Amino acid sequence: MEQQALPRHIAFIMDGNGRWAKKRGLPRTAGHRAGTQNVMKIVEHCGDLGIECVTFYAFSTENWSRPAAEVNALMSLLGEFLEKNLMRLHTNGVRIRILGEASPRFGEALTATLHSAVELTKNNTKMILNVALNYGGRAEIVRAFKAMHADAEAGKLDFDAVDEKTVQDYLYTAGCPEPDLLIRTSGEQRISNFLLYQLAYTEFVFTPVSWPDFTPERLDEALRDFASRSRRFGGLDKESKC
Ligand code: IPE
Ligand code: IPE
Ligand code: MG
C-alpha cells in the first residue's frame, strides 16, 4: 500500500460485542471478552503499517447506564488487557494515553493500572494509542472551554487569539493529527458522541462485521477503501481544477 494513501490517525468505534455474544447464545460479557482479545491484533497491525496514532472507543459517558455487572466486566477487562499487554506495547514503542475523565467508579485497581500504563509509556514515540474511557465528545468540548477560560483568567492564554488550533490543543487528542479514518463495526452508522470536534473531515467506514470478528484483513479492506477516496476538504479534485 502506498505510504501517502495511509491514514496517519485511525479511530475505532468497537461496536457489536453484545450482538456477537447473543448470536452464539453467550452472555454479553463473553462478547466483551472476545472484543478485548481482538484489540491487540489490530493495534499491532496498525503499528506494522506505520500508523502514527490510533484511538479506540472503549467506554462512553453514556455506557454507565448499562447494568452494573456489565460495567464492572468492561472495567475488569480493560485492566486485564493493560496488565497483559503493557510490557509488549512499551517494548514496541507505543505511548498509551487515556481520553476521558478519570472517575472514582473505575475503582482503585484500574485507576492505578491506567496511571502506570500512561507513566511507563509517556516517552514512547513509535505510535500513540489513545483509549477513550468515560469519554464523551460533548463533555470533552465543555472541558476544553473551561480550561481555556481558566487559563485566560490566569493570564496564560490570550482569549482574543484563540483559534481552531488552540481548541485542538485543549482537547484530549492534543498532539495527534485529526483522525483521517473512522471505522465503526457492527452496522450502526452514527457517531455516538465520539470525537465530535476532531471528525470534521474524517472519512468514515461502517462495516457490518462485529468487533470481535474484525480482523487485520478487514482493516486492510477498510484501508483500501480509504485509499480510493478523494478527500477534497471543500476544494476541488486536481482533475476538476482546469
Ligand atoms: C461495544 O459493544 C462495546 C461497548 C460499547 C463498551 P456493545 O456492547 O455496544 O455491543 P452491542 O452494540 O450491544 O452489540
Ligand atoms: C459506542 O457504542 C461506545 C463504544 C463503542 C464504547 P454504543 O453501543 O454504546 O453506542 P450506541 O448506544 O449504539 O449509540
Ligand atoms: Mg453497541
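Per chain, the residues get numbers from 1 upward, laid out in the order the sequence is written. The naming scheme follows written order: chains are lettered A onward, ligands numbered 1 onward. A pLDDT threshold of at least 70 governs which residues receive local features in this predicted model, and a stricter bar of 80 or more applies before side-chain atom pairs are shown or counted, although totals over entire chains, interfaces and linings include all residues. Only hydrogens and water are removed before side-chain values are computed, so all heavy atoms of the structure are retained for them.

Another point: the site of ligand 2. Residues in contact with ligand 2, as listed here, are I13, M14, D15, Y57, A58, F59, N63, R66, R184, R190 and S192. Polar contacts, as counted here, are pairs of nitrogen or oxygen atoms within 3.5 Å of one another; within protein the pair requires one atom able to donate a hydrogen and one able to accept it, and residues that are adjacent in sequence qualify only if both atoms are side-chain atoms. A distance of 3.2 Å separates an oxygen atom of ligand 2 from a polar atom in the side chain of R66. When ligand 2 is considered free in solution it has 390 Å² of accessible area, and contact with the protein chains removes 78% of it. Working definition: helices are DSSP H or I runs of at least four residues, strands are E runs of at least two. Numbering for both runs from the N terminus. Looking at which element gives the most residues to the shell around ligand 2, the answer is strand β2 (residues 53-60), with three residues. For the shell around ligand 2, the class distribution of residues is five nonpolar, two polar and four charged. Only a single heavy atom is needed: when it lies within 4 Å of a molecule or strand, its residue is near that molecule or strand. Residue burial considers only the protein chains on display, and all accessible areas are found by Shrake-Rupley using a 1.4 Å probe. In this classification, the charged set is Asp, Glu, Lys and Arg, the nonpolar set is Ala, Val, Leu, Ile, Met, Phe, Trp, Tyr, Cys and Pro, and all remaining amino acids, among them Gly, are polar.

Our next topic: the sheet that holds strand β1 (residues 9-13). Spatially, the six strands line up as an open sheet ordered β3-β4-β2-β1-β5-β6, and their pairing is parallel. Edge strands, defined here as strands with exactly one partner in the open sheet, are β3 (94-99) and β6 (203-206). Recorded for the sheet is a direction-independent mean angle of 20 degrees between the axes of neighbouring strands. Two strands make a pair as long as DSSP finds a minimum of two bridges between them. Bridge analysis of β3 against strand β4 (residues 127-135) gives six bridges, and the strand direction is parallel. Residue pairing in the sheet places R95 in a bridge with I128 of β4. The contact criterion used is simple: two residues touch if any of their non-hydrogen atoms lie within 4.5 Å. With axes taken as lines fitted to C-alpha atoms, and helix axes fitted only over the stretch in contact, angles between N-to-C directions fall between 0 and 180 degrees. Helix-sheet contacts for helix α3 (residues 68-91) involve β2, β3 and β4, and the interaxial angle to β3 is about 160 degrees.

With that out of the way, let us pick up the pattern of salt bridges. In the sections that follow, a salt bridge refers to a side-chain nitrogen of Lys or Arg positioned within 4 Å of a carboxyl oxygen of Asp or Glu. Taken as a whole, this structure holds 18 salt bridges when the rule is applied. When the shortest N-O distance is used, the salt bridge between D15 and R19 registers 3.3 Å. Type-normalised accessible area, obtained with a 1.4 Å probe on protein chains alone, sets the label of each residue: buried when under 20%, exposed when over 50%, and partly exposed for intermediate values. Take D15: its relative accessible area is 16%, and that puts it in the buried class. Taking relative accessible area as the criterion, R19 reaches 39% and is therefore assigned partly exposed. With its nearest N and O atoms 2.9 Å apart, the salt bridge here joins D225 to R229. Owing to a relative accessible area of 32%, D225 belongs among the partly exposed residues under this scheme. We classify R229 as partly exposed; its relative accessible area is 27%.

Glancing now at the site of ligand 1. Around ligand 1 there are 13 residues in total, and M14, D15, R19, R28 and R66 lie nearest to it. D15 is positioned such that a nitrogen or oxygen atom in its side chain is 2.9 Å from an oxygen atom of ligand 1. In this structure, R28 approaches ligand 1 through a side-chain N or O atom, which is 2.8 Å from an oxygen atom. Expressed as a share of its isolated accessible area of 370 Å², the protein-covered part of ligand 1 is 86%. Secondary-structure elements contributing two or more residues to the shell around ligand 1 are α1 (17-23), α2 (28-49) and α3. The dominant element in the shell around ligand 1, judged by the number of residues it contributes, is α1, at three residues. Here the shell around ligand 1 is composed, by residue class, of three nonpolar, five polar and five charged.

Another aspect to go through is the environment of L26. Structurally, the position occupied by L26 is in the loop between α1 and α2. For L26, a relative accessible area of 39% translates into the label partly exposed. Contacts of L26, omitting those with residues within four sequence positions, involve W20 and A21.

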